[in-house]
Amino acid sequence: MTFVQLIDCKTSRFDEMNRLLDTWVEQTQGKRTATHAVVGKDLSDASHLIEIVEFPSYEEAMRNSNLPETEQTFREMVALCDTMPTFTDLDVVRDEQLFAASARRFFDTLATEGELPPFNDLLIEDYHDHDPSHPQDVIGLDAFRREVEMWRGGFDFAFTVEDQIAQGDRVATRWTWNGTHKGDFLGISATGRNVTMTGTTIHRCTVDGKIAEAWWQYDRLGLMGQLGALDALEK
């Protein structure tokens, strides 16, 4: 789970504090575990600073704190502050940016070349997939892997994310899918045709960024037409 630390301090020596943080970044290059940091200055009190530091987990934050460079920087920070800095440790319980990144990784993983990677770091164990083309929903990692392998057996394909909107625990992604029909798909032998399809998927995410559920809408009829499956009906 993503972890955030807030460092609250007051200092009249902002420029020196800024240089200290730059030095810490240089000294810990390749060793620090922080993934993102923001420093904010209080609009009503220019001496009041809050640094927001993000880590992949609490454990990674502790590894970062234990670096010798971090300890030295902390001592120098205290010397620059008017009062002792305070630290607030926060577990992130909602992160819409994280959820959007999980959705993008989902589409990239589906199209991975070679062996299909496991989904256990991306989807929950009882992941629930709603596809209107199926009479029953696909539930569980094993069932979903079989569904993905069916598509991968029929096509070499890739997704292009056109738009993405995240709100609460939901992420809506409008995508374009492009593929080459290389193998049997729903009884249609390989045609070698390049085909395309558009659609939208809504994902529901858990607090740690894993995907729990998905709802699909896509132009499957248009795809079947491109594969020639509707030719007899059009005559």
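Residues numbered from 1 in each chain as written. Predicted model: local features only at pLDDT ≥ 70, side-chain atom pairs only at ≥ 80, totals over all residues. Heavy atoms only, no water.

A. Broad picture of a nonpolar patch on the surface. Judged by side-chain polarity, Val38, Ile50 and Ile52 come together as a nonpolar surface patch covering roughly 200 Å² of accessible area. Structurally, the position occupied by Val38 is in strand 2 (residues 36-41). Judged by its relative accessible area of 38%, Val38 is partly exposed. (Patch = residues over 30% accessible without salt bridge, like charges linked within 9 Å, V, L, I, M, F, W, Y side chains within 5 Å. Areas by Shrake-Rupley, 256 points an atom, 1.4 Å probe, with all protein chains shown as cover. Salt bridge = Lys/Arg side-chain N within 4 Å of Asp/Glu carboxyl O. Helix = DSSP H or I, 4+ residues; strand = E, 2+ residues; numbered from the N terminus. Buried < 20%, exposed > 50% of the residue type's maximum accessible area, 1.4 Å probe, protein only.)

B. Expanded view of the side chain of Glu147. Mapping Glu147 onto the fold places it in helix 5 (residues 141-154). Buried and unpaired, Glu147 has no salt bridge, with Arg220 as the nearest side chain of opposite charge at 5.2 Å. (Lys, Arg positive; Asp, Glu negative; His and termini not counted.)

C. Here's a closer look at the sheet that holds strand 8 (residues 170-181). Taken in spatial order, the 6 strands make up an open sheet running 6-5-10-9-8-7, and their pairing is mixed. The outermost strands of the open sheet, each flanked by one partner alone, are strand 6 (138-139) and strand 7 (155-167). Of the strands in this sheet, strand 5 (123-130), strand 6, strand 7, strand 8, strand 9 (194-205) and strand 10 (211-218) touch helix 5, which is tilted by about 60° from strand 5. (Pairing = 2+ DSSP bridges. Contact = heavy atoms within 4.5 Å. Axes fitted to C-alpha atoms, helices over the stretch in contact; angles between N-to-C directions.)

D. The arrangement of the packing of helix 1 (residues 14-27) against helix 3 (residues 68-80) in detail. Between helix 1 and helix 3, whose axes approach to 10 Å, the crossing angle comes to 180°. On the basis of their axis angle, the class for helix 1 and helix 3 is roughly antiparallel. Mapping the contact onto sequence places Glu16, Met17, Leu20, Leu21, Trp24 and Gln27 in helix 1 and Glu69, Thr70, Thr73, Glu76, Met77 and Leu80 in helix 3. A per-class count over the contact of helix 1 with helix 3 returns 6 nonpolar, 3 polar and 3 charged. (Parallel < 35°, antiparallel > 145°, perpendicular 65-115°, else oblique. Nonpolar A, V, L, I, M, F, W, Y, C, P; charged D, E, K, R; others polar.)

E. Molecular detail of helix 3. Taking 1.5 Å of rise per residue, 13 residues should cover 18 Å, and helix 3 covers 19 Å from first to last C-alpha, within 8% of that figure. Within helix 3 the residues assigned to the buried category are Glu69, Thr70, Thr73, Met77 and Leu80. For helix 3, the angular spread of buried residues about the axis comes to 90°, placing them on one side. Opposite its buried face, helix 3 presents the exposed residues Pro68 and Ala79, each directed more than 90 degrees away. Where the residues of helix 3 are buried, they touch strand 1 (3-10), helix 1 and helix 2 (58-65). (Expected span 1.5 Å × (residues − 1). Arc of directions from axis to C-beta.)

F. Quick peek at the pattern of salt bridges. Enumeration according to the criterion identifies 11 salt bridges in this entry. Residues Arg204 and Glu213 are paired through a salt bridge, measuring 2.9 Å at the closest nitrogen-oxygen approach. Accessibility expressed as a relative area gives 12% for Glu213, which makes it buried.

G. Examining the pairing of strand 8 more closely. With 12 bridges connecting them, strand 7 and strand 8 associate as antiparallel partners. When the sheet's bridge partners are listed, Phe155 is paired in strand 8 with His181. The loop that links strand 7 with its antiparallel partner strand 8 comprises 2 residues; one of these, Gly168, has a positive phi angle of about 60°. As judged from the 11 bridges shared by strand 8 and strand 9, these two strands associate in the antiparallel manner. Note that in strand 9 the partner of Asn178 across the bridge is Thr196.

H. Focus on the sheet that holds strand 2. Taken in spatial order, the 4 strands line up as 2-3-1-4 in an open sheet, and their pairing is antiparallel. The sheet is open, and its two borders are formed by strand 2 and strand 4 (86-91), each paired with just one other strand. Averaged over all neighbouring strand pairs, the angle between strand axes comes to 15°, with direction disregarded. By the bridge criterion, 6 bridges tie strand 1 to strand 4 in an arrangement that is antiparallel. Counterpart to Phe3 in the pairing with strand 4 is Asp91. Taken strand by strand, helix 1 contacts strand 1, strand 2 and strand 3 (48-55), and its axis lies near 15° from that of strand 3.

I. Seen up close, the nonpolar core. Grouped together as the largest cluster of nonpolar side chains are 35 residues, with contacts concentrated most on Phe106 and Trp177. If you list the elements that add at least two residues to this core, you get helix 4 (96-110), strand 5, helix 5, strand 7, strand 8, strand 9, strand 10 and helix 6 (220-226). With 6 residues, the single largest contributor to this core is helix 4. If sequence neighbours within four positions are ignored, Phe106 has contacts with Leu122, Leu123, Tyr127, Phe144, His203, Ile211 and Trp216. (Core = buried A, V, L, I, M, F, W, Y, C linked by side-chain atoms within 4.5 Å.)

The values are spatial; any link to function lies outside them.
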